[in-house]
Amino acid sequence: MATDYDAPRKNDEENGEDSLEELQGRRNEASSPTVDEDESETADSYELPGADLSGEELSVRVLPRQADEFTCGSCFLVKHRSQIDHVEGTLIICKECAA
């Protein structure tokens, strides 16, 4: 059960003073769900797969592969040379793909 820590606390004397009707009214209020969300606003915030993004521009700076990096021949990710597992002909395979 959620506790409101900002609400004033009742002492034991006050707890016994609640009437049966008041307690039942609180229980009914707590059990009735209320939704204040506007469905159209919520739907606008979701991006659907396959949406047309041709007008969008990326603002990411792409760095060229460094001298201590390689491109894995299996997953095609650029990784540090410490991640080399083995070489198959001209392909370098990383540790993750070899596992």
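This structure is a prediction, so every number in the text was calculated from the model and none was measured.

### Things to note about the overall build of the chain
Broken down by element type, the chain carries four helices and four strands. Along its sequence from the N terminus, the chain presents helices and strands in the succession α-α-α-β-β-β-β-α. Taking all 99 residues of the chain together, the buried fraction comes to 8%. Sequence separation of 24 or more characterises 4% of the internal contacts of the chain that already satisfy a separation of 6 or more. Here the chain displays about 9,500 Å² of accessible surface, and carbon together with sulfur accounts for 50% of that area.

### Remarks on the pattern of salt bridges
For the structure on display, the rule yields one salt bridge. Across the pair Lys 79 and Glu 96 runs a salt bridge whose closest N-O atoms are separated by 3.2 Å. One end of the pair, Lys 79, is in strand S2 (residues 78-80); the other, Glu 96, is in helix H4 (residues 95-98), and 17 residues separate them in sequence. By relative accessible area, which is 59% here, Glu 96 ends up exposed.

### So, the pairing of strand S3 (residues 84-88)
Strand direction decides the pairing type here: S3 and strand S4 (residues 91-94), joined by four bridges, are antiparallel. Along S4, the bridge assignment pairs His 86 with Ile 93. Connecting the antiparallel pair S3 and S4 is a turn made up of two residues, with Gly 89 showing a positive phi of about 65 degrees.

### Description of the environment of Ala 98
As for its position among the elements, Ala 98 is in helix H4. For the pair Ala 98 and Ser 74, spaced 24 residues apart in sequence, the C-alpha to C-alpha distance is 9.0 Å. If sequence neighbours within four positions are ignored, Ala 98 has contacts with Asp 85, His 86 and Ile 93.

### Examining the state of the cysteines
By definition, a disulfide links the sulfur atoms of two cysteine residues through a covalent bond. Taken as a whole, this structure holds zero disulfides when the rule is applied. In this structure Cys 94 is not part of a disulfide, and its nearest cysteine sulfur, from Cys 97, lies 3.6 Å away.

### Here we look at a nonpolar patch on the surface
Residues Leu 58, Val 60 and Val 62 make up a contiguous nonpolar surface patch of about 400 Å² in total accessible area. Positionally, Val 60 belongs in the loop between helix H3 (39-44) and strand S1 (69-71).

### Points about the side chain of Lys 79
Residue classification places Lys 79 among the buried positions, given a relative accessible area of 11%. Dropping the residues within four chain positions of it, Lys 79 is found in contact with Asp 68, Glu 69, Phe 70, Cys 94 and Glu 96.

### Some thoughts on unusual backbone geometry
Phi at Phe 76 takes a positive value of approximately 65 degrees, unusual for a residue other than glycine. Judged by relative accessible area, Phe 76 falls into the exposed class, the value being 61%.

### Here's the deal with a negative patch on the surface
A grouping of Asp 38, Glu 39, Glu 41 and Asp 44 is seen on the molecular surface, where their side chains present a negatively charged patch. With respect to the helices and strands, the residue Glu 39 is situated in helix H3. Taking relative accessible area as the criterion, Glu 39 reaches 69% and is therefore assigned exposed.

What counts, and where the lines are drawn
- Residues numbered from 1 in each chain as written.
- Predicted model: local features only at pLDDT ≥ 70, side-chain atom pairs only at ≥ 80, totals over all residues.
- Heavy atoms only, no water.
- Helix = DSSP H or I, 4+ residues; strand = E, 2+ residues; numbered from the N terminus.
- Buried < 20%, exposed > 50% of the residue type's maximum accessible area, 1.4 Å probe, protein only.
- Contact = heavy atoms within 4.5 Å.
- Areas by Shrake-Rupley, 256 points an atom, 1.4 Å probe, with all protein chains shown as cover.
- Salt bridge = Lys/Arg side-chain N within 4 Å of Asp/Glu carboxyl O.
- Pairing = 2+ DSSP bridges.
- Disulfide = S-S within 2.5 Å.
- Patch = residues over 30% accessible without salt bridge, like charges linked within 9 Å, V, L, I, M, F, W, Y side chains within 5 Å.
- Lys, Arg positive; Asp, Glu negative; His and termini not counted.
- Charge placed at Lys NZ, Arg CZ, Asp CG, Glu CD.

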